[in-house]
Amino acid sequence: IYGIVKNINGMPISNCTVLLTKDTFAEITTTNGEGEFLFANVPSGNYSLKFSAEEYMSKIVNIHVENGQETAVNMTLLTKPIIRGEIVDNFGIPIKNATISVIGKQGRVATGYSDFHGYYEIYVGREEYFIIEASCEGFVPKTKGVYVSAGNISYINFTLIKHGFINGTVTD
């Protein structure tokens, strides 16, 4: 069994884990720098191949191997959904080290932090509707909802207000 693992843009994915299983049999390999993998001398039968790589959605395919025949399996993986954005205060000043929590049906699935410029990026392991919470000491936390899907980037920006800060316009 041999093949090449690529991303949606046709670029090879190196260090992708490829797991070959059948009943109690399991063999594992990783792709090389060209995205190529190989399992040698695989007996005939029905197998599952699971492809897993950091920043990509895992994929499982079922294959049939005939004794003495080479079986080609080329795979394209989609990037995990990405949530990206900027966190600023009510004056537009970036907030560094703000905590960004991604909360799904089973609870918190990911946590990240904003950088010096207030930017953050979090890879999420599945397609789902999530609540995104931004928080930082001295600021009122804020939440937003978003549905994320494989291969896509969702941009979620936050403006956090300092505790005890009054915001508004005074009129007669």
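Everything numeric in this text was worked out from a predicted model, so none of it was measured. (Residues numbered from 1 in each chain as written. Predicted model: local features only at pLDDT ≥ 70, side-chain atom pairs only at ≥ 80, totals over all residues. Heavy atoms only, no water.)

Colleague: Give a description of the nonpolar core that names residues and reports values.
Modeller: Counting 20 residues, the largest nonpolar core has Ile83, Ile87, Val102, Tyr120, Ile132, Phe158 and Leu160 as the members making the most contacts within it. Here the element with the most residues in this core is strand E12 (residues 128–135); it accounts for 3 residues. Non-local contacts of phenylalanine 158, meaning those with residues more than four positions away in its chain, are made with Glu86, Ile87, Val88, Tyr120, Ile132, Ala134, Lys142, Thr143 and Lys144. Counting 19 residues, the second-largest nonpolar core is a separate cluster that includes Leu49, Phe51, Val73 and Leu77. (Core = buried A, V, L, I, M, F, W, Y, C linked by side-chain atoms within 4.5 Å. Buried < 20%, exposed > 50% of the residue type's maximum accessible area, 1.4 Å probe, protein only. Helix = DSSP H or I, 4+ residues; strand = E, 2+ residues; numbered from the N terminus. Contact = heavy atoms within 4.5 Å.)

Colleague: Could you give an account of the packing of aromatic side chains, with specific residues and numbers?
Modeller: Using the criterion set out here, one finds 3 aromatic pairs in the structure. With centroids separated by 6.2 Å and ring planes inclined at 65°, the aromatic side chains of phenylalanine 37 and phenylalanine 39 adopt a geometry described as edge-to-face. The exposure class of phenylalanine 37 is buried, given its relative accessible area of 4%. Judged by its relative accessible area of 1%, phenylalanine 39 is buried. Taken together, a centroid distance of 5.7 Å and an interplanar angle of 70° make the contact between phenylalanine 37 and phenylalanine 51 edge-to-face. Remark: phenylalanine 51 occurs in strand E5 (residues 45–52) and phenylalanine 37 occurs in strand E4 (residues 36–38); sequence separation between them is 14 residues. Exposure class is identical for phenylalanine 37 and phenylalanine 51. Each is buried. Grouping aromatic residues by their ring pairs yields a cluster made of Phe37, Phe39 and Phe51. The side chain of lysine 22 reaches across the aromatic face of tyrosine 47, ending 5.5 Å from its centre. (Phe/Tyr/Trp six-rings, centres within 6.5 Å; stacked < 30°, edge-to-face > 60°. Lys NZ or Arg CZ within 6 Å of the ring centre and 35° of its normal.)

Colleague: Describe the pattern of salt bridges, with residues and values.
Modeller: For the coordinates displayed, the defined rule picks out 2 salt bridges. Between arginine 84 and glutamate 121 there is a salt bridge; the shortest N-O distance is 2.4 Å. Taken together, the residues arginine 84 in strand E8 (residues 82–89) and glutamate 121 in strand E11 (residues 119–123) connect sequence positions 37 residues apart. With its nearest N and O atoms 2.5 Å apart, the salt bridge here joins glutamate 128 to arginine 126. A relative accessible area of 7% places glutamate 128 in the buried class. Residue class for arginine 126 comes out partly exposed when judged on its relative accessible area of 29%. (Salt bridge = Lys/Arg side-chain N within 4 Å of Asp/Glu carboxyl O.)

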